[in-house]
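Given next are the chains, with one letter for each unit.
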Amino acid sequence: MKSMYKRQLTMMVGITLLSFVLLSASYMLLSYRYIIGEKRGAMERNAADIADLASSYVSSTWGGNIRSDAFAGAIAVVAKASDSYVIITDPQGEIIYATDGYKLYTYHDTRIPDSMIACLRNQGSYTGMTDLENFFPERRYTAALPYQMELGPASVLQGFVLVSSNTTGMSEMWRATATIFFFTAVVVLLISVVVSTITSAHQAKPLNDMAEAVRKFGRGDFDVRLTKYEGHCDEICTLTDAFNSMANSLAKVESQRSEFIANISHELKTPMTTISGFAEGILDGTIPPERQKDSLEIIVSETRRLSRLVRRMLELSRLRAVAENVNAQAQFDLTEVMSQVLISLEGKITDRKLDVDAKLPDTPVMVWGDPDAITQVCYNLLDNAAKFAAQGTDITVSITKKDGKAYTSVSNLGATIPPDELPLLFDRFHKTEKSRSVDRDGVGLGLYIVKTILGDLKENITVTSEDGVTTFTFSLTLA
């Protein structure tokens with residue numbers, strides 16, 4: 001597996017090399033075209049100027065001697081100024097003389113190539129790279145034009161003018177350019193390697209730290225946090241914040257899991273110990289016959305308590321399964337659901353000498369949700385209110401509409417719940433009494449189930465407790 005450092009270094013070096021190759025190729029091509037174009041233009045202009053000068057000279061002197069020192073001197077000045085080699089020939093292509101601006105060279109029985117003569121006669125000009133059939137020791141850029149003597153409307157060919165230039169300067173320039181590009185590429189490549197190394201190490205370190213933290217999580221250490229990268233205001237900081245948030249969630253889940261196991265163990269242990277103790281007392285005769293009926297009633301009560309606990313645990317499992325399909329909602333009448341729950345709890349409410357103040361609308365209140373689940377919510381809240389309300393007081397139930405929501409409130413008069421206790425009411429196995437033995441009928445899962453159901457429906461529930469009045473209020477979306 002390639003590391004981030006190797007991948008980034010390979011990418012950086014590859015991009016740098018590719019950039020320099022493309023840049024150097026483009027520069028060399030453009031410079032070559034530009035220099036060749038400039039050289040071609042200069043040679044053609046020089047050849048045209050010398051051809052015009054020769055034509056004017058022979059025309060003005062009616063066949064003046066092209067070999068004269070005056071004309072040769074003028075040609076030498078042009079050759080020196082343009083750093084060119086100038087050749088003058090007769091009409092058959094025989095070289096009369098040549099000059100590089102410093103010296104005049106004469107030749108005998110030396111002709112320019114026949115192909116060049118044919119091109120000059122047919123096309124009127126010639127440009128290209130040639131060594132004039134080994135006349136030059138290397139190939140040179142050459143421009144050639146004919147010069148003529150004007151005889152009225154007629155023109156008589158007098159010979160040809162060749163202007164050539166050595167390309168050694170261009171080759172040296174390209175070699176120098178290539179050298180500069182090579183050393184520049186090496187320097188930039190070294191800088192790229194150093195920068196890539198530093199950048200890769202900087203980017204890989206938080207990832208390695210996170211990997212180490214994850215390994216610690218796997219070993220059960222949930223206290224690890226990444227704090228060295230806070231305040232960077234970049235993607236690493238965002239990733240660190242997300243990682244720490246995940247770590248906090250995992251730690252909370254682990255804490256809840258441990259607490260859940262401890263709570264369920266306690267809830268199961270207490271009734272099972274009671275059942276085992278009374279059963280053994282009956283079997284071994286420790287409990288006299290006159291008290292066995294009372295003991296059996298206690299065993300039955302504890303058995304029912306265990307049954308309620310198991311049933312609530314099954315309800316939690318069902319709620320988790322239903323949570324995966326929260327879109328399966330239907331319209332139903334919230335007033336009807338609450339009325340049915342009040343009727344089902346009438347016996348318990350009457351036994352505790354409680355009255356119900358039902359402030360329910362006369363018309364149906366249609367809402368979205370799971371009717372069975374909301375029935376469970378209403379039942380748990382009313383059962384909880386009836387359980388903790390002071391005898392002879394009222395339970396108030398109301399349904400109101402506001403901003404597209406239906407708000408259901410259940411209030412009872414009893415002991416005031418401390419403010420620091422209110423956020424804990426919806427936790428699993430939480431009871432307001434410090435001793436779990438006080439509430440023998442409850443298992444501490446009713447309000448947790450309520451919170452879970454409403455959370456799955458993306459709804460809220462709140463609780464207040466002031467001056468002995470405790471009120472639970474939950475919302476549902478109006479249909």
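Everything below is about the structure shown above.
Quick caveat, the model's predicted, so the values are computed rather than measured.

Rules of the game
Residues numbered from 1 in each chain as written. Predicted model: local features only at pLDDT ≥ 70, side-chain atom pairs only at ≥ 80, totals over all residues. Heavy atoms only, no water. Helix = DSSP H or I, 4+ residues; strand = E, 2+ residues; numbered from the N terminus. Expected span 1.5 Å × (residues − 1). Buried < 20%, exposed > 50% of the residue type's maximum accessible area, 1.4 Å probe, protein only. Arc of directions from axis to C-beta. Pairing = 2+ DSSP bridges. Axes fitted to C-alpha atoms, helices over the stretch in contact; angles between N-to-C directions. Polar contact = N/O pair within 3.5 Å; in protein donor to acceptor, adjacent residues only side chain to side chain. Contact = heavy atoms within 4.5 Å. Core = buried A, V, L, I, M, F, W, Y, C linked by side-chain atoms within 4.5 Å. Left-handed = near helix turned anticlockwise from the far one by under 90°. Nonpolar A, V, L, I, M, F, W, Y, C, P; charged D, E, K, R; others polar.

Asks: Would you explain helix α2 (residues 69–82) in this entry?
Replies: An α-helical turn contains 3.6 residues, so any two residues separated by three or four positions project in the same direction. Taking 1.5 Å per residue as the helical rise, α2 with its 14 residues ought to reach 20 Å, and the 20 Å between its terminal C-alpha atoms agrees with that figure. All buried positions along α2 are accounted for by F71, A72, I75, A76 and A79. Down the axis of α2, the sector holding all buried residues measures 140 degrees, keeping them to one side. Along α2, exposed side chains directed more than 90 degrees from the buried face belong to A70, V77 and A81. A positive phi of about 50 degrees marks D83, the residue just after α2.

Asks: It is not clear to me how the sheet that holds strand β13 (residues 469–477) should be interpreted in this structure. Could you clarify?
Replies: Either a parallel or an antiparallel arrangement is found when strands of a sheet pair, and the pairing is made through backbone hydrogen bonds. Spatial strand order, β8-β10-β11-β13-β12: five strands in an open sheet with mixed pairing. With partners counted over all chains shown, the strands left at the sheet margins are β8 (355–359) and β12 (461–466), one partner each. The mean inter-strand angle of the sheet, taken between neighbouring strand axes irrespective of direction, is 15 degrees. Of the pairings in the sheet, the one linking strand β11 (residues 405–413) to β13 comprises nine bridges and is antiparallel in character.

Asks: Would you take a moment to explain the side chain of S409 for this structure?
Replies: Relative to the assigned elements, S409 resides in strand β11. Its relative accessible area of 15% is what places S409 among the buried residues. Here the side chain of S409 touches T473 through a polar contact of 2.9 Å, side chain to side chain. Sequence-distant contacts of S409, that is, excluding residues within four places in its chain, are made with T396, V397, S398, T471, F472 and T473.

Asks: Just checking my understanding: could you explain the sheet that holds strand β1 (residues 85–89) for this structure?
Replies: Taken together, six strands build an open sheet; the order of strands is β3-β2-β1-β6-β5-β4 and the sheet is antiparallel. Edge positions in the open sheet fall to β3 (104–106) and β4 (126–130), since each of these has one partner strand only. The mean inter-strand angle of the sheet, taken between neighbouring strand axes irrespective of direction, is 25 degrees. Of the pairings in the sheet, the one linking β1 to strand β2 (residues 95–99) comprises four bridges and is antiparallel in character. By the bridge assignment, V86 is partnered in β2 with T99.

Asks: Looking at this model, I keep getting lost on the nonpolar core. Mind explaining?
Replies: Nonpolar side chains tend toward joint burial in soluble globular proteins. Of all hydrophobic cores here, the largest spans 43 residues; its most connected members are L334, L381, L382 and L476. Residue assignment for this core shows that the elements contributing at least two residues are α7 (334–344), α9 (371–388), β10 (394–402), β11, α10 (446–456), β12 and β13. With eight residues, α9 is the single largest residue contributor to this core. Discounting chain neighbours no more than four positions away, the residues touching L381 are V410, L447, V450, I461, F472 and F474. Formed by 21 residues, the second largest nonpolar core is a distinct cluster that contains A47, I75, A79 and I88.

Asks: Help me out: how do you make sense of the packing of α9 against α10 in this one?
Replies: To describe two helices that pack against each other, one gives the angle between their axes and the distance between the axes. Two numbers describe how α9 lies on α10: the axes approach to 9 Å, and their chain directions differ by 145 degrees. Here α9 and α10 pass one another in a crossing that is left-handed. On α10, the residues touching A373, I374, Q376, V377, N380, L381 and N384 of α9 are G446, L447, I449, V450, I453 and L454. Class assignment of the residues belonging to the contact of α9 with α10 gives a composition of nine nonpolar, four polar and no charged.

Asks: What should I look at first to understand the environment of F388 in this one?
Replies: Along the polypeptide, F388 turns up in helix α9. In this structure, the C-alpha to C-alpha distance between F388 and R352, residues 36 residues apart in sequence, is 10.0 Å.

Asks: Mind showing me how you'd approach unusual backbone geometry here?
Replies: With glycine set apart, most residues show a phi of negative sign, and most peptide bonds adopt trans. The phi angle at N134 is positive, at roughly 70 degrees, despite the residue not being glycine. Looking at where N134 falls in the secondary structure, it is placed in the loop between β4 and β5 (140–151). Relative accessible area serves as the criterion here: at 66%, N134 is assigned to the exposed category. Look at D403: it is not a glycine, yet its phi comes out positive at around 55 degrees.

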